[in-house]
Amino acid sequence: MQIKVARTAGFCFGVKRAINMAYEMGRGQKGIYTIGPLIHNPQVIEELRSRGIEVASSPAELKRKGARTVIIRTHGLVLGTQERLRRAGFNIVDATCPFVKKAQQYARALKEEGYQVLILGDIEHPEVQSLKSYAGRAAVVVKEPQSLPRLKGRVGIVVQTTQPLRALKSLVQKCLEQVKELKVYNTICSSTAFRLREAEELAKEVDMMVVVGGRNSANTTQLARLCAGLCPATYHIETAQELSPAMLEGVSKVGITAGASTPDWLIKEVIGALKELARRKRA
Ligand code: SF4
């Protein structure tokens, strides 16, 4: 059985940077917390915990638990929260991905220039909540171009960094049918775009796709959805333990990709488990 692993599988630049910053802080210091999980991968969060880096869900919880240092995750924070934490006496380590910061700046600029800001993304996602806080009260979050509300005046768009380009193109087209002035910041992260493109190519040429990553990870879920549309035997798994011999029935070529928050060691475990299942199948 042939196994082909996507070159773009696994940690992106922003996640690598955040994890390195957290490991650096974890050396010998106490009272280190992230506000919300640093990245959307339960196995990595568990590993960070073993190094003394805990998760708190709110500023109140940070206080209650006696946190000293707060690491801000890649998705960023709602405007003003960081300053409030600093004033409350916490040492802040800002691991917000620089690409997310750029999107925050564009959202703020659009608001200040008087545009009605549209954010393409998932309102439940912390990155989008952060972007919305920069874009002002009138900002509207659109999950799918089909759910676009009625628009008027000057409209400005920013995008959750992990959205597919085709969703942005479709939103722009729909907006142009309604408004005369449209300003678009394409804030889709190039690492996401490359990963999706490579997964698409791979899913077309294999009998089975394995997408490794947290079920709570937006970009991994999106990868799995894309692959499932092209290769019906697509499995979204978090760990190698979820693989089974039945999955390999009639399969001669397997493709593997992984979300931006999936560590190399989890991908290697999946490759090892697939090889072992294939060996047993041959025996
Ligand atoms: S996917 Fe892109 S924007 Fe998100 S953390 Fe990674 S590098 Fe940053």
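So, how was this worked out
Residues numbered from 1 in each chain as written. Predicted model: local features only at pLDDT ≥ 70, side-chain atom pairs only at ≥ 80, totals over all residues. Heavy atoms only, no water. Near = heavy atom within 4 Å. 1 Å grid on protein atoms, 1.4 Å probe; cavity = no way out; pocket = protein on both sides within 12 Å on 5 of 7 lines; lining within 4 Å. Sits in = over half its atoms within 2 Å of the grid points. Nonpolar A, V, L, I, M, F, W, Y, C, P; charged D, E, K, R; others polar. Phe/Tyr/Trp six-rings, centres within 6.5 Å; stacked < 30°, edge-to-face > 60°. Helix = DSSP H or I, 4+ residues; strand = E, 2+ residues; numbered from the N terminus. Buried < 20%, exposed > 50% of the residue type's maximum accessible area, 1.4 Å probe, protein only. Pairing = 2+ DSSP bridges. Axes fitted to C-alpha atoms, helices over the stretch in contact; angles between N-to-C directions. Contact = heavy atoms within 4.5 Å. Parallel < 35°, antiparallel > 145°, perpendicular 65-115°, else oblique. Left-handed = near helix turned anticlockwise from the far one by under 90°. Disulfide = S-S within 2.5 Å.

## With respect to the site of the ligand
Here comes step 1: Close to the ligand lie Cys12, Gly14, Cys97, Phe99, Thr161, Cys189 and Thr192, which account for all nearby residues.
Here comes step 2: In this structure, the ligand is accommodated by the second largest pocket.
Here comes step 3: Of the residues contributing to the shell around the ligand, the split by class is four nonpolar, three polar and no charged.

## Quick word on the packing of aromatic side chains
Here comes step 1: Using the criterion set out here, one finds two aromatic pairs in the structure.
Here comes step 2: Judged by centre distance (3.8 Å) and plane angle (10°), the rings of tyrosine 106 and tyrosine 185 are stacked. Within this pair, whereas tyrosine 106 is found in helix H5 (residues 98–112), its partner tyrosine 185 is found in the loop between strand S9 (181–184) and helix H8 (190–205), the two being separated by 79 residues in sequence.
Here comes step 3: In this structure tyrosine 106 comes out as partly exposed when scored by relative accessible area, which is 26%.

## Notes on the sheet that holds strand S12 (residues 253–258)
Here comes step 1: Taken together, the four strands give an open sheet; going across it, the order is S1-S12-S10-S11, and neighbouring strands pair in parallel fashion. Both outer strands of the open sheet, strand S1 (2–5) and strand S11 (234–237), are each paired with one neighbouring strand and no more. Sheet twist, expressed as the mean angle between neighbouring strand axes with direction ignored, is 20°.
Here comes step 2: Where S1 and S12 come together, four bridges link them in parallel fashion. Opposite isoleucine 3, over in S12, you have valine 254 as the bridge partner.
Here comes step 3: Each of S1, strand S10 (208–212) and S12 is contacted by H8, which is oriented at about 165° to S12, the strand it contacts most.

## Considering the packing of H5 against helix H6 (residues 126–135)
Here comes step 1: Running from N to C, H5 and H6 point in directions that differ by 30°, and their axes come no closer than 7 Å. As the angle between them shows, H5 and H6 are arranged roughly parallel. Pair H5 / H6 crosses with right-handed handedness. Facing H5, whose interface residues are Val100, Ala103, Gln104, Ala107, Arg108 and Lys111, H6 presents Glu127, Ser130, Leu131, Tyr134 and Ala135.

## Looking at the environment of valine 155
Here comes step 1: For valine 155, the position within the fold is in strand S8 (residues 154–159).
Here comes step 2: According to the relative accessible area criterion, valine 155 is buried, its value standing at 0%.
Here comes step 3: As for valine 155 and lysine 180, which are separated by 25 residues in sequence, their C-alpha atoms are 8.6 Å apart.
Here comes step 4: Filtering out sequence-adjacent residues up to four positions away, valine 155 remains in contact with Tyr115, Gln116, Leu118, Val179, Glu181, Leu182 and Lys183.

## Considerations on the state of the cysteines
Here comes step 1: Under the counting rule described, the total for this entry stands at zero disulfides.
Here comes step 2: Cysteine cysteine 231 shares no disulfide, and the gap to the nearest cysteine sulfur, in cysteine 227, comes to 7.6 Å.
Here comes step 3: The buried category is assigned to cysteine 231, whose relative accessible area is 3%.

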